[in-house]
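One-letter residues, chain by chain:
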Amino acid sequence: MTSSNLLGELVSKPYKYGFVTDIETEKISKGLTEDVIRLISSKKQEPEFLLNFRLKAYKQWLKMQEPDWAELGYPKVNYQDIIYYAAPKQNQKKASLDEVDPKLLETFDKLGIPLSEQKRLSNVAVDAVFDSVSIATTYKEQLAEHGVIFCSISEAVNEYPELVERYLGTVVPCNDNFFAALNSAVFSDGSFVYIPKGIECPMELSSYFRINSGDIGQFERTLIIAEDRASVSYLEGCTAPMFDTNTLHAAVVELIALEDSSIKYSTVQNWYSGNEEGVGGIYNFVTKRGQCRGARSKISWSQVETGSAITWKYPSCILQGEGSVGEFYSVALTNNLQKADTGTKMVHIGADTKSTIVSKGISAGKSRNSYRGLVQMGPKASGARNYSQCDSMLIGDQASANTYPYIRSQQSMASIEHEASTCRISEDQLFYLQSRGIGFEEAVSMMVSGFCRDVFNQLPMEFAAEADKLLALKLEGSVG
Amino acid sequence: MINPDAELILEISDLHASVDDQPILKGVDLKIHAGEIHAVMGRNGSGKSTLSKVLAGHPSYKVSKGKVLFRGEDLLVLEPEVRARIGVFLGFQYPVEIPGVSNLEFLRVSTNSRRKQLEVEELDPFAFEELVRSRLNLLQMDPIFLERSVNEGFSGGEKKRNEILQMALLEPIFSILDETDSGLDIDALRIVAAGVNELSKKETAILLITHYQRLLNEITPDYVHVMGFGKILRTGGSELALELEKSGYEWLEEESVSPLRP
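Residues numbered from 1 in each chain as written. Chains lettered and ligands numbered in written order. Predicted model: local features only at pLDDT ≥ 70, side-chain atom pairs only at ≥ 80, totals over all residues. Heavy atoms only, no water.

Some remarks on the sheet that holds strand E9 (residues 174–178) of chain B
Residue and element names in this part refer to chain B.
Consideration 1: On the basis of which strands lie adjacent, the open sheet formed by six strands has the order E6-E9-E10-E3-E11-E12 and mixed pairing. Each edge of the open sheet is held by one strand with a lone partner, namely strand E6 (88–91) and strand E12 (231–236). The mean inter-strand angle of the sheet, taken between neighbouring strand axes irrespective of direction, is 20°.
Consideration 2: Inspection of the sheet shows strand E3 (residues 37–42) paired to strand E11 (residues 223–228) by five bridges, in the parallel sense. Bridge pairing links Gly42 to Met227 in E11. (Pairing = 2+ DSSP bridges. Helix = DSSP H or I, 4+ residues; strand = E, 2+ residues; numbered from the N terminus. Axes fitted to C-alpha atoms, helices over the stretch in contact; angles between N-to-C directions.)

Have a look at this one:
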């Protein structure tokens, strides 16, 4: 067997999170109307400002067109054929984990996210979201001692309405883009984080998103606020069962960093990506944006994107505060017929702002993997600097990689650097490693993780190894 | 060193191989015993490098006929990594650059794969670093090599030293050194040759592929073979290499009877 055949086998590994939890679910009927939005809002007993926010977004959305510039080439989504709200049947959110349906706890156990007191991760607080609702958040009390708020956004809406009203939709306005408008109209749950002045969040925060039903859309909404001199590191993970239909996922994440604060947001995205013929998988349309409002604030995005049939995602930084810093570190792995169009926007508004972009795309199978990024230097961004590095690795000879860097500068005293490279794992490189006793699979995974090292170094310690394993798993298979 | 009672390490019989459907090897016979150093010489395109790739198991080279036994075991059915683990080593003519993979980590994984096969304890990063530093001295290499990516940005000479370093770590039974001398200045050649001599033991064997006598001045072969037309045309002692240096290959090729000759 030739190396390229072997490579082909290597990159098609069964998805191990594809199980479905058999649990009674409350679903509303398919389709999207104003009444559906009112129904969602009333089910969640939301204050009026939020209903108005949703309705405003819905009206905008009706006037908007689904974007097609990313050339992702997927069949038209029928937005009336989607269920916009589903929740495992249980009364209200439980005060204690003991009251949570054991099937749900078992599901998260199986996903490697134990929630129960005895087994949960010792230094990571977790918010677990199942279909449209948050089912549990660990370490809430311990965090509250430091004034840190970590809860589902539904809870925040009811318990801290003034904070939510003040910040929601201020970074990603409800009419920002088609998918953001849709999310603003129907979002069901997600995480809320608030770090008060001068507080360094004492543990990692993490949300784990699980899609379980096949016909519902998942629209989560995350809002993170770091007050002056506050800092936090947050990680999200996601998986979904294998269905032969496509599931829509349209999330919005907003980050707000005030003076001298820092937010580090990491993602390990492993939604089901469809089978080797491209049947099924998640359509992942995500708007993530952070605003460095305060001077010297910092927002850092790291992402490892391995799943989804389609990924459309550009975690961005608005660098408004003087001397603020934006970072984007990305690994995107596509295989089979997956398509990913991902990158970032670094919008330099304030003086002496700095941004770094490191993007690593790995394309295998017949997949298509594109980096799309904007670096913009506004008229007041004197002394601003950007450095971008976009590298692509091709595995096999049927995958494609593209890089679309957009650069706009209205400031002559700003510096922008862009480097790009493309490489292919060659038969000779593999043979070299093999001839030193290193097996084929290990050789491929060594080269892939070497390629991604700059990005993995940015992930929180606990997850760097996890991400490395995840890539190895995606690339693992039977040899010979 | 020739010892008639020594173990037969490698036995090649009637080996035919092709690359891209182009026959290159057309019946190679060769026996190598423990303790011996063999040199294979010959013009470009005579099949020397193909022989080395076939022995190491490169997937582009197809064996159509013949067999190769390594210590009595069929070598040709084994994956390249298994050949390496049981003690077959190829020092590459053109070592490949592998960006992003740290040389130190690569050397450790490689060494441990061999140690695992030998059922000796695998080395953790600290123990390995100690071992590798002692081997670096043998080749007068700067430890900075360890921190770089595998062969990336190495000069030609540095790449060749890195090959011998790998040989020193893997402690193979049978080593093929494919034009290890090319691209080395005279000082580097001496260092590399001294390293190879140091690593040559009575229970191991070496096959040197070279164009030049100058390597054979430093490493004295027990046998010299001349390849041409995909076969071994002549076998002699180290004096054969001197003769070739003086008179070239033509007289040998004219003497040999090959049906493919024009």
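Moving on, there is more to tell.
Observations concerning the interface of chain B and chain A
Consideration 1: Listed as interface residues are 34 residues of chain B and, on the opposing side, 19 residues of chain A.
Consideration 2: When chain B packs against chain A, the two sides together hide about 2,100 Å² of surface, and 63% of this comes from carbon and sulfur.
Consideration 3: The tally of links between chain B and chain A comes to one salt bridge.
Consideration 4: Here Glu163(B) ties to Arg436(A) by a salt bridge, and the two come within 2.7 Å at their closest N and O atoms.
Consideration 5: Our count for the contact surface shared by chain B and chain A stands at 14 residue pairs in polar contact (both at pLDDT 80 or more).
Consideration 6: Broken down by secondary-structure element, the contributors of at least two residues to the side of chain B that touches chain A are helix H1 (48–56), helix H2 (80–85), E6, strand E7 (98–102), helix H3 (103–117), strand E8 (149–150) and helix H6 (156–170) of chain B.
Consideration 7: Here the residues of the side of chain B that touches chain A are counted per class, giving 16 nonpolar, eleven polar and seven charged. (Contact = heavy atoms within 4.5 Å. Buried area = accessible area lost by both parts, 1.4 Å probe. Salt bridge = Lys/Arg side-chain N within 4 Å of Asp/Glu carboxyl O. Polar contact = N/O pair within 3.5 Å; in protein donor to acceptor, adjacent residues only side chain to side chain. Nonpolar A, V, L, I, M, F, W, Y, C, P; charged D, E, K, R; others polar.)

Looking at the packing of aromatic side chains
Residue and element names in this part refer to chain A.
Consideration 1: For the structure shown, the criterion picks out 22 aromatic pairs over all chains.
Consideration 2: With centroids separated by 5.3 Å and ring planes inclined at 50°, the aromatic side chains of Tyr74 and Phe285 adopt a geometry described as tilted. Of the two residues, Tyr74 sits in the loop between helix H3 (48–62) and strand E2 (86–88) while Phe285 sits in strand E12 (residues 281–292), which places them 211 residues apart along the sequence. With respect to class, Tyr74 is no different from Phe285; both count as buried.
Consideration 3: On the numbers, 5.4 Å between centres and 15° between planes, the contact of Tyr84 with Phe219 is stacked. (Phe/Tyr/Trp six-rings, centres within 6.5 Å; stacked < 30°, edge-to-face > 60°. Buried < 20%, exposed > 50% of the residue type's maximum accessible area, 1.4 Å probe, protein only.)

A short note on H6(B)
All names here are of chain B.
Consideration 1: When the terminal C-alpha atoms of H6 are compared, their 22 Å separation across 15 residues agrees well with the 21 Å that a helix rising 1.5 Å per residue should span.
Consideration 2: Of all 15 residues in H6, 13 are buried, a share of seventy percent or more.
Consideration 3: Positioned one or two residues after H6, Glu171 has a phi angle of 45°, which is positive. (Expected span 1.5 Å × (residues − 1).)

Some thoughts on the sheet that holds strand E16 (residues 325–334) of chain A
All names here are of chain A.
Consideration 1: What the ten strands build is an open sheet, ordered E4-E3-E7-E9-E11-E13-E16-E19-E21-E23; its pairing is mixed. Pairing within the sheet leaves two strands with one partner each, and these edge strands are strand E4 (133–137) and strand E23 (415–424). Averaged over all neighbouring strand pairs, the angle between strand axes comes to 10°, with direction disregarded.
Consideration 2: Pairing analysis gives six bridges linking strand E7 (residues 204–210) to strand E9 (residues 231–239), with the strands arranged parallel. Each bridged residue has a counterpart across the sheet, and for Ser206 the counterpart in E9 is Leu235.
Consideration 3: Helix H4 (residues 102–110) rests against strand E3 (124–130), E4 and E7 of the sheet, and its axis sits at about 120° to E3.

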